[in-house]
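# Results of the structural survey
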Amino acid sequence: MEASHDVLVIGAGLAGMRAAIQAFDEGADVALVSKIHPTRSHSGAAEGGINAPLGNASEDNPELHAYDTVKGADYLGDQDAIEILCSEAAQDVYELEHWGAVFSRTEDGRIAQRPFGAAGAPRTAYAADITGHVLIQVLYEQVVKREIPVYDEFFAWKLVEDGGRCVGVVAWDLVRGGLRAIGAKTTILATGGAGRLYAGTTNAYACTGDGMTMALRLGLELEDMEMMQFHPTTLSPTGVLITEGCRGEGAYLLNRDGERFLARYAPNAMELASRDVISRAEQTEIDQGRGIDGDVMLDLRHLGAERILEALHGTRELSMVFAGVDPIYDPIPVRPGAHYHMGGVDTDVWGRTALEGLYAAGEVACVSVHGANRLGGNALMETITFGRRAGADAAEVAHGAPVARVPESALREAEAELAELLGRSEGERPWKIREELAEAMQVNFGVFRREEQMLELGRIVEGLRERYARVVVEDKGEVFNSDLTQALELGFLLDLADCMVVSGLARKESRGAHARPYDYPDRDDENFLKHTIVRWADGGPQLDWKPVTITKWQPAERTY
Ligand SMILES: Cc1cc2nc3c(=O)[nH]c(=O)nc-3n(C[C@H](O)[C@H](O)[C@H](O)COP(=O)(O)OP(=O)(O)OC[C@H]3O[C@@H](n4cnc5c(N)ncnc54)[C@H](O)[C@@H]3O)c2cc1C
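Residues numbered from 1 in each chain as written. Predicted model: local features only at pLDDT ≥ 70, side-chain atom pairs only at ≥ 80, totals over all residues. Heavy atoms only, no water.

## Quick notes on the site of the ligand
Operational definition: Proximity criterion: a residue is near a molecule or strand once any of its heavy atoms comes within 4 Å of it. We define a polar contact as two N or O atoms separated by no more than 3.5 Å, with the added condition that, inside protein, one atom must be a possible hydrogen donor and the other a possible acceptor, whereas residues neighbouring each other in sequence contribute only through side-chain atom pairs. Working definition of accessibility: Shrake-Rupley area with a 1.4 Å probe, residue cover restricted to the visible protein chains. The secondary structure listing takes helices from DSSP runs of H or I that are at least 4 residues long and strands from runs of E that are at least 2 residues long, numbered from the N terminus.
The full set close to the ligand counts 37 residues, and Ser-41, Ser-43, Asp-210, Glu-363 and Leu-380 are the nearest of them. Gly-13 is positioned with one of its backbone polar atoms (N or O) 3.4 Å from an oxygen atom of the ligand. Contacts to the ligand include Ala-190, whose backbone N or O atom sits 3.4 Å from an oxygen atom. Here the ligand, which alone exposes 1000 Å², has 97% of that area covered by the protein. Looking at the shell around the ligand, the elements that each hand over two or more residues are helix H1 (14-25), strand E2 (30-34), strand E7 (154-162), strand E14 (332-341) and helix H10 (378-399).

Written out as structure tokens, the structure reads:
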């Protein structure tokens, strides 16, 4: 008989594991599904740290954290959700510490906090520059301790709705082959972001937006999909992240003339302005010929070898391995790269979506605490706080719900669709389409966006979709068929690209990550202080809008 659980969490990164732990602690029978081993989830790559107003480095409080987040979001964040994040963050960080997270310490033994961009106080708790790695090990330990079952190396493909509620998922078993139905009274999506839409990205190969598209295909709404954040310091040419922690420690950004060019863009905050501001400054320098081979330079040399080795050891290693540069002696070549999706599945502050029984938390979700621009350190905090909240609510709802099973017909339909795909013997292989999509996104939907480029991108994606309809999976095998899963991931990515084009064209203003300096250079609160919403209907993305929740902070001019 098919498996069935109270709560099924799809995704075992920080959001998914935190949700599963909470659901378990609330008495639910919970299981995790992950296409890669939990500790290999992309959360493990997080470097710089996690934001909570602990006040260990200087005076801080939830109100200041919330204000910084609202302003950083260019006023597009929902302030009720932001207030929850900032008021619950400290307790969540202490809990991680009590579970064994080895945060770096102050001289007097408290959790150390470093300054991060656009933060009014040093607020980012860190474990050197391997914070994500530390946290993912700690949560995995808690999952193992509770003996929470993990459907490890299962590729979730289709969410299933029955009788007006989500009843589980159909997944491909990567190790043994074959489709499996897993029923659940409540299902939590925690599948992470979609950075792999882009050629230049800090995201791992697994970040293909699967959960966003699975929800979209079930008729759910995606919010603020145009809001893809470009991180200012990604290593040239690979796109590997160089943490904001470097600038938190005092690193400079220099142009080809050796000038700290941020003095002209963000004279007060300089290298610690928000990410959107710095990425635009860098791109402007590069476009106007003051870059070096498409890069600017991140200079750590004045921090000294001792501090670099102590606090930025991983960064040094990445620079040496991937760019052949030792930052103790030479500046690191960096450029803006696609990093984080502020948009995602529309949820309320408990992670609930519009479909009963379906939740989303972490980068797959848009709750929305990041609005048009996320502050560094807030994503990890969001995974923990909103993962916990989703787990709690999903467990509570599951207690009162009847046993849920995936209807036989849903499994049969999925099998028939897969058989058709695997049955094709001629056609184009997926990788070429995936590569062209990533290039097209990079060129046409980058740091600066132009109307004609977004329209062109729409036409390119349409052409790629036509080719995708004839895609061939050459590997017909059952075991570790990555040819198959990459084809399915490409389908997810193409749908998301369409959603981004529609949302990007509709937002005729410049706000946060969505910069349109050539036609709509200013923020337009009168017409666009609202979220874009996309749902899939009649074979394509349909646009709608949703108001922003404002509690305390009225929109104001945003300078750094
Ligand atoms: C290089 C890098 C550094 C970062 N550093 C920081 C930082 O210092 N501070 C900060 O706040 N934020 C940082 N971020 C952002 C932050 O790390 C992420 O937003 C966050 O970790 C995402 O966590 P998640 O749990 O939502 O998703 P992930 O950790 O990406 O986990 C996704 C999970 O979903 C599973 N999954 C996906 N699709 C499927 C499918 N179809 N079937 C089954 N399972 C599936 C995966 O196997 C995985 O287990 C960084 C991001 C990057 C890329």
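There's more to say after this.
## Some thoughts on the packing of aromatic side chains
Filter applied, for reference: Side-chain rings of Phe, Tyr and Trp, where Trp is taken by its six-membered ring, are said to pair if the distance between their centres is within 6.5 Å; with planes under 30 degrees apart they count as stacked, over 60 as edge-to-face, and otherwise as tilted. Each residue's exposure class comes from its accessible area (1.4 Å probe, protein chains only) as a fraction of the maximum for that residue type: buried when under 20%, exposed when over 50%, partly exposed otherwise. Charge-over-ring contacts are defined here by two conditions on Lys NZ or Arg CZ: a distance within 6 Å of the ring centre and an angle within 35 degrees of the ring normal.
Using the criterion set out here, one finds six aromatic pairs in the structure. An angle of 75° between the planes, with centres 6.5 Å apart, marks the rings of Phe-448 and Tyr-518 as edge-to-face. Residue Phe-448 is found in the loop between helix H12 (430-444) and helix H13 (451-468), and its partner Tyr-518 is found in the loop between helix H14 (482-506) and helix H15 (525-528); the two are separated by 70 residues along the sequence. Judged by relative accessible area, Phe-448 falls into the buried class, the value being 15%. A relative accessible area of 46% means that Tyr-518 is categorised as partly exposed. In this structure, Arg-389 is placed above the aromatic ring of Trp-350, and the distance from its NZ or CZ to the ring centre is 3.8 Å. Above the ring of Trp-545, the side-chain terminus of Lys-530 is found at 4.6 Å from the ring centroid.

## Some words on the environment of Ala-361
Counting through the fold element by element, Ala-361 comes out in the loop between strand E16 (358-360) and strand E17 (365-366). Residues Ala-361 and Phe-386 lie 25 residues apart in sequence; the distance between their C-alpha atoms is 5.9 Å.

## Quick look at the sheet that holds strand E15 (residues 344-346)
For the record, the criterion: Any two strands with at least two DSSP-identified bridges between them are counted as paired. Whether two residues touch is decided by their heavy atoms; if any such pair falls within 4.5 Å, the residues are in contact. Orientation is described by lines fitted to C-alpha atoms, with helices fitted over the stretch in contact, and by angles between N-to-C directions that extend from 0 to 180 degrees.
Pairing is mixed in the open sheet, where five strands are placed in the order E17-E15-E10-E18-E19. Each having just a single partner strand, E17 and strand E19 (540-547) make up the two edges of the open sheet. Each of strand E10 (222-223), E15 and strand E18 (530-537) is contacted by helix H5 (residues 210-217), which is oriented at about 40° to E15, the strand it contacts most.

## As for the nonpolar core
Which entries qualify depends on this criterion: Here, nonpolar core means buried Ala, Val, Leu, Ile, Met, Phe, Trp, Tyr and Cys residues that are tied together by side-chain atoms lying within 4.5 Å of each other.
One finds Leu-159, Leu-189, Leu-197, Tyr-198, Leu-437 and Met-441 to be the most contacted residues of the largest nonpolar core, which totals 80 residues. Among the elements that take part in this core, H14 stands out by supplying 13 residues, more than any other. In contact with Met-441, other than residues within four places in its own chain, are Leu-197, Tyr-198, Gly-446, Leu-457, Ala-497 and Met-500. Among the nonpolar cores identified, the runner-up in size contains 57 residues, and Met-17, Ile-84, Val-134 and Val-138 belong to it.

## Side note on unusual backbone geometry
For the bond from Ser-236 to Pro-237, the omega torsion is 0°, close enough to zero to count as cis. Relative to the assigned elements, Pro-237 resides in the loop between strand E11 (228-235) and helix H6 (245-248). Across the junction of Val-367 and Ser-368, the peptide omega takes the value -5°, indicating a cis bond. Relative to the helices and strands, Ser-368 resides in the loop between E17 and H10. Of note in the backbone geometry, Ala-128 takes a positive phi value of approximately 45° without being a glycine. Among the structural elements, Ala-128 can be located in the loop between strand E5 (124-125) and helix H4 (131-145).

## Observations concerning the pairing of E14
Judged by how many residues are buried, E14 sits mostly within the fold: nine of 10 residues are covered. Relative to E14, E11 is paired through six bridges, and the arrangement is antiparallel. In the sheet register, Leu-235 faces E14, and the bridge partner there is Val-334. Pairing analysis gives three bridges linking strand E13 (residues 296-299) to E14, with the strands arranged antiparallel.

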